[in-house]
Amino acid sequence: MACRPLVSVYSEKGEATGTSVKMPAVFQAPIRPDIVGSVHMDMMKNGRQPYAVSAKAGHQTSAESWGTGRAVARIPRVSGGGTNRSGQGAFGNMCRHGRMFAPTKTWRRWHRRINVNQRRYAICSAIAATGIPALVMAKGHCIEEVPEIPLVLTDKVQTLTKTKEAVGVLRKLKLWREIEKVKSTRRFRAGKGKMRNRRRIQRRGPVVIYNQDNGICRAFRNIPGVTLINVDRLNLLKIAPGGHVGRLCIWTESAFKKLDSIYGTWKKASEQKTDYNLPMPKMTNCDLSRLLRSDEIQKALRPPKKQVTRRVLKRNPLKNLSVLAKLNPYAVVEKKLAKLVEKQQKKKRQELQDAKRGQIKYGFKHGYYQLVGVEDVGLATVDAAASGGKSRPRKPVTKAPPAKEKKEKKEKKEKK
């Protein structure tokens, strides 16, 4: 907020007159961009005109569904024949030449009611923002060479009637660069607005706020980007276009003095608005970093905790062996013993099974697995008759070595 007690007054030649004006209290009002944006949006909605499509659109044809059983969708279809239109889908929003989804109506809720106090809060915030050079520059205005913000001119400017004179005033105040920037942004509108009498668009320039129109509107109205407005009819759409605060304002001396009577001060109520006074700021000092460093807050704070405590992830000892070993070191030995006992028991079970089966196991022979005897050197197969036609024989079958036959053969060879 602008908090200088006095503001210098400049002549139409761009020179300081030596007189100064007291800064109105409205320039110390709290700046609330959120309220300005919401009120601006509602005010823009109040300028809309109702529009709607025709109630008959998409239904001006005779169409009826073919029903089920014809392997086509049940959407209504145009009747008749002899043309490609017959049989086409109709009425639905998914159909060609059908109606739109949720046709617009003229009885939509177009306008919005705005709280009067909220509207005044927004305009006060917008005026206060025009007195801060940082916000004005953030809006995009070229004010590097402007002598002072807010800029106040003598009432003699209200008597100007020629555009040439108004241009001379702007050049003397180092504001012509702002006008040239506006002229350079003049371009064609994107969209159908080109066909609706709003063909060109451009940026906004400074706004001239006057008290009495003695020719000032005639002088400034043809300069690109310049807006003229009476101090008694300040409009948020002009002071904060787009809902963004910080537009460059040029005040006349009488209009600047009249702000206290319009909006009042915190000591005196407004003369033109019934029972109205300026909004109170929520914080008298908005410098948050300075507040946090103040002695009063620093004394109430506890010393910082520099000890870092890291959170330890709790693991399940039944699933994690390392955690279990910390809780019970003997658990590792128990697990090893349990595995050893299990291995021994498995070996015993296998020996018992082999003894019951008579040392006959499965083996691969003749292209498939079958029961074979381990004692046979050649892994002789078990006869099907001996096994009784089953995969495992009831009795082990073994071949006895023919000792007598071998002795007789040897004796025959020796005799020969």
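Predicted model only: the values in this text are computed from it and were never measured.

Draft legend 1. Looking closely at the layout of surface pockets. Its boundaries defined by the atoms lining it, the largest pocket holds a volume of some 270 Å³. Along its surface, the largest pocket is lined by 13 residues, and Gln202, Arg204, Leu237, Pro241 and Gly242 are the ones closest to its centre. For the lining of the largest pocket, the secondary-structure elements that each account for two or more residues are α1 (33-45) and α7 (236-239). For the lining of the largest pocket, a count of residues per class yields three nonpolar, four polar and six charged. Size it by volume and the second largest pocket reaches roughly 230 Å³. Around the second largest pocket sit 14 residues that line it, and Arg119, Ile123, Leu234, Tyr263 and Lys273 are the ones nearest its centre. Those elements that provide at least two residues to the lining of the second largest pocket are α2 (116-129) and α9 (259-263). Ranked by the residues each element gives to the lining of the second largest pocket, the list is headed by α2, at four residues. Tallied by class, the residues present in the lining of the second largest pocket amount to eight nonpolar, one polar and five charged.

Draft legend 2. Spotlight on the nonpolar core. By size, the foremost hydrophobic cluster in this structure holds 40 residues, and its most contacted members are Ile209, Leu234, Leu236, Trp251, Phe256, Leu259 and Tyr263. Broken down by secondary-structure element, the contributors of at least two residues to this core are β1 (6-10), α1, α2, β8 (207-210), α7, β10 (249-252), α8 (253-257) and α9. Of all the elements, α2 adds the most residues to this core, at eight residues. Not counting residues up to four positions away in its chain, the partners in contact with leucine 234 are Ile123, Ile127, Ile209, Ile229, Ile239, Leu259 and Tyr263. Core analysis: the second largest hydrophobic core is formed by 27 residues, Tyr10, Leu170, Cys217 and Leu248 among them.

Draft legend 3. Quick peek at the sheet that holds strand β5 (residues 151-153). Strand order in the open sheet formed by six strands is β2-β1-β5-β10-β8-β9, with mixed pairing between adjacent strands. In this open sheet, the two strands that pair with only one neighbour each are β2 (16-22) and β9 (227-230). With direction set aside, neighbouring strand axes in the sheet form an average angle of 30°. Pairing analysis gives three bridges linking β8 to β10, with the strands arranged parallel. Directly across from valine 207, in β10, lies its bridge partner cysteine 249.

Draft legend 4. Spotlight on the packing of aromatic side chains. Scanning the model with the defined rule gives four aromatic pairs in all. Ring geometry for phenylalanine 27 and phenylalanine 256: centres 5.5 Å apart, planes at 45°, overall tilted. Note that phenylalanine 27 is positioned in the loop between β2 and α1 and phenylalanine 256 in helix α8, a separation of 229 residues in sequence. For phenylalanine 27, a relative accessible area of 0% corresponds to the buried category. With a centroid separation of 5.0 Å and an interplanar angle of 55°, the aromatic rings of tyrosine 51 and tryptophan 110 are classed as tilted. With tyrosine 51 in the loop between α1 and β3 (63-64) and tryptophan 110 in the loop between β4 (77-78) and α2, this pair connects stretches of sequence that are 59 residues apart. The exposure class of tryptophan 110 is buried, given its relative accessible area of 4%. A cation over a ring is seen here: arginine 70 above tryptophan 66, with NZ or CZ 4.1 Å from the ring centre. Above the plane of the ring of tyrosine 276 lies arginine 120, whose end atom (NZ or CZ) is 5.0 Å from the centre.

Draft legend 5. Highlighting unusual backbone geometry. Along the chain, isoleucine 149 connects to proline 150 via a cis peptide bond; the corresponding omega equals 0°. Considering the arrangement of structural elements, one finds proline 150 in the loop between α3 (133-138) and β5. In this structure, lysine 174 takes a positive phi of about 60° despite not being glycine. Inspection of the secondary structure assignment puts lysine 174 in the loop between α4 (163-172) and α5 (176-184). Note on lysine 174: relative accessible area 45%, which makes it partly exposed. Phi is positive for aspartate 275, which is not a glycine, with a value near 50°. Note on placement: aspartate 275 falls in the loop between α9 and α10 (288-292). According to the relative accessible area criterion, aspartate 275 is exposed, its value standing at 76%.

Here is what the cut-offs are and how they apply
Residues numbered from 1 in each chain as written. Predicted model: local features only at pLDDT ≥ 70, side-chain atom pairs only at ≥ 80, totals over all residues. Heavy atoms only, no water. 1 Å grid on protein atoms, 1.4 Å probe; cavity = no way out; pocket = protein on both sides within 12 Å on 5 of 7 lines; lining within 4 Å. Points joined across faces, edges and corners; volume = space filled by probe spheres on them. Helix = DSSP H or I, 4+ residues; strand = E, 2+ residues; numbered from the N terminus. Nonpolar A, V, L, I, M, F, W, Y, C, P; charged D, E, K, R; others polar. Core = buried A, V, L, I, M, F, W, Y, C linked by side-chain atoms within 4.5 Å. Buried < 20%, exposed > 50% of the residue type's maximum accessible area, 1.4 Å probe, protein only. Contact = heavy atoms within 4.5 Å. Pairing = 2+ DSSP bridges. Axes fitted to C-alpha atoms, helices over the stretch in contact; angles between N-to-C directions. Phe/Tyr/Trp six-rings, centres within 6.5 Å; stacked < 30°, edge-to-face > 60°. Lys NZ or Arg CZ within 6 Å of the ring centre and 35° of its normal.

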